[in-house]
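Chain residues, written in single-letter form:
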Amino acid sequence: AYFDDAQRQATKDAAKLAGIHVLRLLNEPTAAAIAYGLDNAPEGIYAAYDLGGGTFDISILKLNKGVFEVLSTGGDSELGGDDFDHRLFCWIVEEAGLKPLSPEDTRLLMTRAREAKERLSARARVTINTLLSTGEKINLELTAKAFEQMTHHLVCKTMQQVKKTLKDAQLTVNDITGIILIGGATRMPHVRRQIQKLFGKKPYA
């Protein structure tokens with residue numbers, strides 16, 4: 001995403017060793033913008049909001065005559081969709097009053113937390129139902145609203161980074177022509193709502 005010249009050259013060298021003819025390297029935000037077809041979009045300034053599993057990145061791109069220029073970048077290398085899973089995992093442990101868990105049960109509940117998070121993207125409520133290795137049964141109901149409340153601080157952290165990156169580029173939200181979303185975690189409805197609230201416009205779907 002944000003390689004320096006030496007890292008980019010090493011990537012080119014690795015590609016050549018693999019027998020790949022390298023025409024050009026695209027950074028991740030630019031590649032995503034092109035995937036959205038923005039190279040044919042109106043000229044202007046675009047925000048690329050990238051919330052992946054383990055990291056968050058925000059890039060401000062300027063489109064001029066089909067060419068993207070990166071104006072500023074920011075983010076948090078220790079914030080991602082996994083943090084939403086972990087917050088939900090902690091909620092399950094608290095609600096069920098569980099004692100210290102075995103590694104096996106920890107992995108199981110983390111999986112159930114991630115599944116519940118994903119289902120809540122399309123539903124108002126879900127049931128978390130599973131059986132631990134101890135024989136203990138977990139049966140909890142979670143609403144989308146409760147999940148939004150328990151992870152609101154995580155979304156706010158990304159918004160703070162967005163504002164900082166805009167400031168670094170000496171821009172405001174009013175200067176942004178459009179917003180593109182990258183990463184599976186951007187499918188969470190409350191993430192999209194906060195983005196729309198900040199920029200005053202819907203991101204590209």
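Before any of the text, the structure's been laid out above.
All values derive from a computational prediction rather than experimental measurement.

Tell me about the pattern of salt bridges, and please be specific about residues and values.
Counted by the stated rule, this structure contains five salt bridges. Here Glu115 ties to Arg112 by a salt bridge, and the two come within 3.3 Å at their closest N and O atoms. Remark: Arg112 and Glu115 occur in helix α4 (residues 103-119); sequence separation between them is three residues, near one turn of the helix. In this structure Glu115 comes out as partly exposed when scored by relative accessible area, which is 29%.

Provide a residue-level description of α4, including the pertinent values.
Here α4 is 17 residues long and its end C-alpha atoms lie 24 Å apart, about the 24 Å a rise of 1.5 Å per residue gives. On its buried side, α4 packs onto α3 (81-96), β4 (125-131) and α5 (144-168).

Now, about the layout of surface pockets: what can you tell me, with residues and values included?
One number sums up the size of the largest pocket: a volume of about 150 Å³. Every residue lining the largest pocket is counted, 14 residues in all, and those nearest its centre are Arg114, Lys117, Glu118, Gly184 and Ala185. Listed by contribution, the elements that provide at least two residues to the lining of the largest pocket are α3 and α4. Residues of the lining of the largest pocket, tallied by class, amount to three nonpolar, five polar and six charged.

Go over the side chain of Thr165, please, and point to the residues and values.
Among the structural elements, Thr165 can be located in helix α5. Given the relative accessible area of 1%, Thr165 is considered buried. Of the polar contacts made by the side chain of Thr165, one reaches the backbone oxygen of Gln161; its length is 2.8 Å.

Can you explain the sheet that holds strand β2 (residues 56-64)? Please cite residues and give values.
Overall, mixed pairing links the four strands, which are arranged β3-β2-β1-β6 in an open sheet. Of all strands in the sheet, those bounded by a partner on one side alone are β3 (67-76) and β6 (178-182). Mean inter-strand twist for the sheet, computed between neighbouring axes without regard to direction, equals 20°. Examined bridge by bridge, strand β1 (residues 44-51) and β6 share five bridges and lie parallel to one another. Looking at the pairing, Tyr46 lines up with Gly178 of β6.

Quick rundown of the packing of aromatic side chains? Include the residues and the values.
With the rule as written, the count across this model stands at two aromatic pairs. When the ring of Tyr46 is compared with that of Tyr204, the centres are 6.4 Å apart and the planes differ by 45°; the resulting orientation is tilted. Residue Tyr46 is found in strand β1, and its partner Tyr204 is found in the segment after α6 (189-199); the two are separated by 158 residues along the sequence. Since its relative accessible area comes to 1%, Tyr46 is described here as buried. For Tyr204, a relative accessible area of 30% translates into the label partly exposed.

Describe the packing of α5 against α6, with residues and values.
Two quantities define a packed helix pair, namely the angle between the helix axes and the distance between the axes. Contact geometry for α5 and α6: axes closest at 10 Å, N-to-C directions at 40°. On the basis of their axis angle, the class for α5 and α6 is oblique. Remark: the crossing between α5 and α6 carries right-handed chirality. Residues Phe147, Glu148, Thr151, His152, Val155, Met159, Val162, Lys163 and Leu166 of α5 form the contact with α6, whose participating residues are His190, Val191, Arg193, Gln194, Ile195, Leu198 and Phe199. When grouped by side-chain class, the residues that make up the contact of α5 with α6 number nine nonpolar, four polar and three charged.

Quick one: what's the story with the packing of α3 against α5, residue by residue and with numbers?
It is the contact of α3 with α5, at a shortest axis distance of 10 Å, that shows an interaxial angle of 140°. Relative to α5, the element α3 lies oblique. The element α3 and its partner α5 pack so that their crossing is right-handed. For the pair α3 and α5, contact is made by Asp83, Phe84, Arg87, Leu88 and Trp91 and by Phe147, Met150, Thr151, His153, Leu154 and Val155, respectively. Taken together, the residues that form the contact of α3 with α5 break down as seven nonpolar, two polar and two charged.

Cut-offs used in this document
- Residues numbered from 1 in each chain as written.
- Predicted model: local features only at pLDDT ≥ 70, side-chain atom pairs only at ≥ 80, totals over all residues.
- Heavy atoms only, no water.
- Salt bridge = Lys/Arg side-chain N within 4 Å of Asp/Glu carboxyl O.
- Helix = DSSP H or I, 4+ residues; strand = E, 2+ residues; numbered from the N terminus.
- Buried < 20%, exposed > 50% of the residue type's maximum accessible area, 1.4 Å probe, protein only.
- Expected span 1.5 Å × (residues − 1).
- Contact = heavy atoms within 4.5 Å.
- 1 Å grid on protein atoms, 1.4 Å probe; cavity = no way out; pocket = protein on both sides within 12 Å on 5 of 7 lines; lining within 4 Å.
- Points joined across faces, edges and corners; volume = space filled by probe spheres on them.
- Nonpolar A, V, L, I, M, F, W, Y, C, P; charged D, E, K, R; others polar.
- Polar contact = N/O pair within 3.5 Å; in protein donor to acceptor, adjacent residues only side chain to side chain.
- Pairing = 2+ DSSP bridges.
- Axes fitted to C-alpha atoms, helices over the stretch in contact; angles between N-to-C directions.
- Phe/Tyr/Trp six-rings, centres within 6.5 Å; stacked < 30°, edge-to-face > 60°.
- Parallel < 35°, antiparallel > 145°, perpendicular 65-115°, else oblique.
- Left-handed = near helix turned anticlockwise from the far one by under 90°.

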